[in-house]
Amino acid sequence: MNITGLTLIDTIKALKEKKFSEQDLNEAYLSRINDLNSNLNVFLEIKNNSKGIPVAIKDIISTQNIKTTAGSKILSTYIPPFKATVVEKLLQNNVSIIGKTNLDEFAMGSSGENSAYGPTKNPWDITKVPGGSSAGSAAAVAADLAVFSLGTDTGGSIRQPASLCGVVGFKPSYGKASRYGLMSMASSLDVPGPFTKSVADARLVMDWISGEDGLDSNVFSNKLRDSSPSAQNDKIKGLRVGVPKEYFGHGLNSGVGKVIREAIKKLEDLGAKIVEISLPHTEYAVAVYYIIMASEVSSNLARFDGIRFGSKREDFGEEVKRRIMLGTFSLSSGYYDEYFTKAAKVRTLIRRDFEKVFDPSTGSGCDVIVGPVSPTVAWGFGEKMQDPLTMYLSDAYTIPASLAGIPGLSVPCGFVNGLPVGLQILGKFMDDETVLDVGEAYENATDWHKEKPKI
Amino acid sequence: MKIDVKKVAKLASLPLSEAEEEKYSKQLSKILEYIDQLNEVNTENVEPTYNVSGLSNVLRPDEVGGRTISQEDAISNAPKKKDGFIITKGVFEE
């Protein structure tokens, strides 16, 4: 039996049926990590466990007594004295941490290249980036180095690397899962979420990590409803699936566009009603995001004073410094209204675009919205490092949902030149279940998620 | 838009080298040029969005929660400490 190829749900089933022990399970993953990590640079820290279900945790999520660097030199020796709520909740469900994964420093980047500890390689082609910022968490699941992993998504940092690495990645609604113990990047946007080998696995992990903890006052009390996996295929019949024309503009690679259109055709074959829609403020999302995110970054990263933890502020990397500078500028006296307030107002218009499309009384009445996650497949190392703006624009399709706080899923839906493409499914605020239902129905009807990289 | 990089770096308490100042000055001007397209959008009578959850004034009982850590753990990562306290430069003049 190929233990490391199993989904989370199948792993739990096999353990229950005593097909292998927890020790066998951990040994299988550790041996694979031993073989592949030096090549892929997925893990910054590896734990030799013999018990529990091995999860890989993005190294910006606090793990008690396990070094947590945020991919930064400034935290090269930092050991959190407490753990994140999402970690606590996993441990309560017999999950054990097998390692901490590499990332763009403080989750700032779209390629994984901004880590102070070297870039993570894409398991499908080690000359390509895995996407970012949750680079290691995506690559860990793609290369079968963990049963599943946790990442964080602020402007696409779960969905985009999931797409580029050919795994399932889910960004829940803002407020589904607690941010307690995540090192804050942009507080009005940050959410934790899973990378998994199937949509059903993502649903299970969300069931574990969702809900109030009394430590993040933006978390709603409702948990995900239970739904039996067998019922998913019926749930897509008659659903209204919106296709925004702005997500198919000139920036979209033609190969990726073709794969996405085929995936949409598949949803139609499964009984969904495809509706052409418009989200007219999409073109402003990247500009809004870079003001709001950078402003929140500059404020959050002010805590790194070198007194309580961490080294000196000189030790921030280039991209982190750039964003602190941009954010400090846009919050500074004389520019606050022109930049920060203006961006916050356009953010309202981006939210309204989604609300209109989801509102039955306006005519569209969509249940979900689908489109590409990323305008291209994985690119080569260094290709976008010279020009920050080019890198920023690679998140044009993931940023709007982050600004609106709505749920977003990336599901494997094909390949271009041997590199994976993800279908993005967006839903109504707090209706994460319908997004997962549509993803699962698509997955059940296709085999893309079963493809594995040859490494 | 030209940014006064020296001033912003001081506000951000970010020590930058001269080469960095020059690089960021160019890059940030280009980014702000891109951001200036927001001026095309009519935002008259539009309220800003700072938080999407819609929640406000979320309260809890005024008591010590279950997940607290010891003083020793709380300062375990401080580079300089003595007798359970963090050592730092004086704030006030002698």
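Please read all numbers here as calculations on a predicted model, not as lab measurements.

Reading the values: the criteria
Residues numbered from 1 in each chain as written. Chains lettered and ligands numbered in written order. Predicted model: local features only at pLDDT ≥ 70, side-chain atom pairs only at ≥ 80, totals over all residues. Heavy atoms only, no water. Axes fitted to C-alpha atoms, helices over the stretch in contact; angles between N-to-C directions. Helix = DSSP H or I, 4+ residues; strand = E, 2+ residues; numbered from the N terminus. Parallel < 35°, antiparallel > 145°, perpendicular 65-115°, else oblique. Contact = heavy atoms within 4.5 Å. Nonpolar A, V, L, I, M, F, W, Y, C, P; charged D, E, K, R; others polar. Buried area = accessible area lost by both parts, 1.4 Å probe. Salt bridge = Lys/Arg side-chain N within 4 Å of Asp/Glu carboxyl O. Polar contact = N/O pair within 3.5 Å; in protein donor to acceptor, adjacent residues only side chain to side chain. Core = buried A, V, L, I, M, F, W, Y, C linked by side-chain atoms within 4.5 Å. Buried < 20%, exposed > 50% of the residue type's maximum accessible area, 1.4 Å probe, protein only. Phe/Tyr/Trp six-rings, centres within 6.5 Å; stacked < 30°, edge-to-face > 60°. Lys NZ or Arg CZ within 6 Å of the ring centre and 35° of its normal. Pairing = 2+ DSSP bridges.

Considerations on the packing of helix H10 (residues 318-331) of chain A against helix H11 (residues 336-358) of chain A
All names here are of chain A. For the pair H10 and H11, the least separation of the axes is 6 Å and the interaxial angle reads 105°. Regarding the angle of H10 to H11, the classification is roughly perpendicular. Of the residues in H11, those touching H10 at Phe329, Ser330 and Leu331 are Tyr336, Tyr339 and Phe340. Taken together, the residues of the contact of H10 with H11 sort by class into five nonpolar, one polar and no charged.

Concerning the interface of chain A and chain B
Contacts between the two partners involve 67 residues from chain A and, on the opposite side, 48 residues from chain B. Taken over both partners, the interface formed by chain A and chain B buries close to 5000 Å², and the fraction arising from carbon and sulfur atoms is 65%. Looking at the side of chain A facing chain B, the largest losses of area belong to Tyr284, Met325 and Lys342 of chain A, adding up to 13% of the total buried there. Here chain A and chain B share three salt bridges between them. Here Lys321 of chain A makes a salt bridge to Glu20 of chain B, at a shortest N to O gap of 2.8 Å. The tally of links from chain A across to chain B stands at 20 residue pairs in polar contact (both at pLDDT 80 or more). At the level of elements, helix H3 (85-91), helix H9 (285-300), H10, H11, helix H12 (388-393) and helix H13 (399-404) of chain A are the ones that each hand at least two residues to the side of chain A that touches chain B. Ranked by residue count, the leading element in the side of chain A that touches chain B is H11 of chain A, at 14 residues.

Examining the nonpolar core
Residues and elements named next belong to chain A. Counting residues in hydrophobic clusters, the biggest one holds 157 residues, and the most contacted among them are Leu90, Phe106, Phe148 and Phe354. The dominant element in this core, judged by the number of residues it contributes, is H9, at 11 residues. Sequence-distant contacts of Phe354, defined by excluding residues within four places in its chain, comprise Tyr247, Leu279, Ile369, Pro400, Ala401, Ala404, Ile406 and Leu426.

Considerations on the packing of aromatic side chains
For the structure on display, the rule yields 18 aromatic pairs over all chains. Taking 5.8 Å as the distance between ring centres and 80° as the angle between the ring planes, the aromatic pair formed by Phe220 of chain A and Phe429 of chain A counts as edge-to-face. In this pair, Phe220 of chain A sits in the loop between helix H6 (199-209) and helix H7 (232-235) while Phe429 of chain A sits in the loop between strand S11 (419-427) and helix H14 (432-444), placing the two residues 209 residues apart along the sequence. One aromatic cluster in this structure is built from Tyr78, Phe106, Phe304, Phe309 and Phe316 of chain A. The positively charged end of Lys384 of chain A is found above the aromatic ring belonging to Trp379 of chain A, 3.8 Å away from the centroid. Residue placement shows Lys23 of chain B over the ring face of Tyr24 of chain B; its charged tip is 5.5 Å from the ring centre.

Some words on unusual backbone geometry
Residue Ser133 of chain A is reached from Gly132 of chain A by a cis peptide bond, and omega for that bond is 10°. Along the chain, Ser133 of chain A falls in the loop between strand S3 (95-101) and helix H4 (135-142). Although it is not a glycine, Ala107 of chain A sits at a positive phi angle of roughly 65°. Residue placement: Ala107 of chain A occurs in the loop between S3 and H4. For Ala107 of chain A, a relative accessible area of 4% translates into the label buried. Of note in this structure, Asn45 of chain B is not a glycine but carries a positive phi near 60°.

Regarding the sheet that holds S11 of chain A
Residues and elements named next belong to chain A. One open sheet accounts for 11 strands, arranged S1-S3-S2-S4-S6-S5-S10-S11-S9-S7-S8; its pairing is mixed. Taken across any chain shown, the strands that pair with only one partner, and hence form the sheet edges, are strand S1 (43-46) and strand S8 (273-277). Pairwise comparison of adjacent strand axes, ignoring direction, gives a mean angle of 30° for this sheet. Where strand S7 (residues 240-244) and strand S9 (residues 368-372) come together, two bridges link them in parallel fashion. Note that in S9 the partner of Val241 across the bridge is Val368.

A few points about the side chain of Asn114 of chain A
All names here are of chain A. Here Asn114 shows up in the loop between S3 and H4. Residue Asn114 is classed as buried on the basis of its relative accessible area of 16%. Leave out the neighbours within four places in its chain, and Asn114 touches Gly71, Asp104, Glu105, Met108, Gly109, Glu319 and Met385.

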